[in-house]
Amino acid sequence: MARSFCLRQESFKKPLDTLASLAKKFTVQIVETTEQPPCIKHALEILSKGENLPHSGRFMLATYLLNKGQAIEEIAPLFKNAPDYNEKITLYQLKHLAGNFGSGTKYACPSCEKLKSENLCFAIPECANIINPLQFGRKKISNA
Ligand code: SF4
């Protein structure tokens with residue numbers, strides 16, 4: 001019994017070694033540009049002009065930037081031109097979205113489909129095949 005188990009183990013060894021050496025050859029790198037997707041650029045533009053960005057747009061912008069790793073203190077000033085800006089409330093809301101309170105849930109950035117339905121999407125050809133703004137600018141490079 002022990003001998004047949006050893007034999008079976010041996011029979012797996014060769015294909016596994018082959019797969020391991022193939023995996024070394026076929027590595028895929030993900031390269032990401034720093035360019036922001038058009039929906040985010042548009043939201044930033046609206047805010048910089050001091051125009052009113054709807055709640056859904058503010059949610060998109062904040063969750064996008066938080067999920068990109070930006071700090072709350074860096075994001076908050078972006079909203080200061082909004083007609084109804086209140087620093088305390090903005091910081092509170094950003095902390096809530098970042099999961100700093102209660103259950104600790106960090107909010108996800110809405111999907112492109114949802115943003116389209118909210119008229120917040122300004123797709124360009126580079127948006128093809130992505131389902132969330134966070135994927136914008138990511139390219140897979142295979143060195144096979
Ligand atoms: S397709 Fe997605 S990433 Fe591109 S503009 Fe629309 S919502 Fe933004």
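It should be noted that the structure appears before, not after, this text.
Residues numbered from 1 in each chain as written. Predicted model: local features only at pLDDT ≥ 70, side-chain atom pairs only at ≥ 80, totals over all residues. Heavy atoms only, no water.

On to the packing of aromatic side chains. Going through the model one piece at a time under the given rule, you end up with two aromatic pairs. Ring geometry for Phe59 against Tyr107: centres 6.0 Å apart, planes inclined by 85°, an arrangement best described as edge-to-face. Placement of Phe59 in helix 3 (residues 55–67) and of Tyr107 in the loop between helix 5 (87–97) and helix 6 (112–117) is noted, with a sequence separation of 48 residues between them. With a relative accessible area of 23%, Phe59 lands in the partly exposed category. What makes Tyr107 partly exposed here is its relative accessible area of 33%. Centroid distance Tyr92 to Phe101: 5.1 Å. Interplanar angle 25°. Geometry classified as stacked. The class for Phe101 is partly exposed, based on a relative accessible area of 33%. (Phe/Tyr/Trp six-rings, centres within 6.5 Å; stacked < 30°, edge-to-face > 60°. Helix = DSSP H or I, 4+ residues; strand = E, 2+ residues; numbered from the N terminus. Buried < 20%, exposed > 50% of the residue type's maximum accessible area, 1.4 Å probe, protein only.)

What follows deals with the pattern of salt bridges. For the structure on display, the rule yields three salt bridges. Ionic pairing is found between Lys41 and Glu35, a salt bridge with its closest N-O pair at 3.0 Å. Note on Lys41: relative accessible area 36%, which makes it partly exposed. Looking at Glu35, the relative accessible area reads 41%, which means it is partly exposed. One salt bridge connects Arg58 with Asp84, and the closest N-O pair in it is separated by 3.1 Å. Residue Arg58 is found in helix 3, and its partner Asp84 is found in the loop between helix 4 (72–75) and helix 5; the two are separated by 26 residues along the sequence. (Salt bridge = Lys/Arg side-chain N within 4 Å of Asp/Glu carboxyl O.)

For Asn119, which is not glycine, the phi dihedral falls at a positive 60°. With respect to the element layout, Asn119 can be found in the loop between helix 6 and strand 2 (138–142). Although it is not a glycine, Asn129 adopts a positive phi angle of roughly 70°. Tracing the backbone through its elements, the reader meets Asn129 in the loop between helix 6 and strand 2.

What follows is about helix 3. Across its 13 residues, helix 3 extends 18 Å between first and last C-alpha, which sits within 8% of the 18 Å expected from 1.5 Å per residue. Where helix 3 is concerned, the buried positions are Gly57, Met60, Leu61, Ala62, Thr63, Tyr64, Leu65 and Leu66. Looking at the buried side of helix 3, the elements it contacts are helix 2 (38–48), helix 4, helix 5 and helix 6. Once helix 3 finishes, Gly69 follows within two positions and takes phi at roughly 95°, a positive value. (Expected span 1.5 Å × (residues − 1). Contact = heavy atoms within 4.5 Å.)

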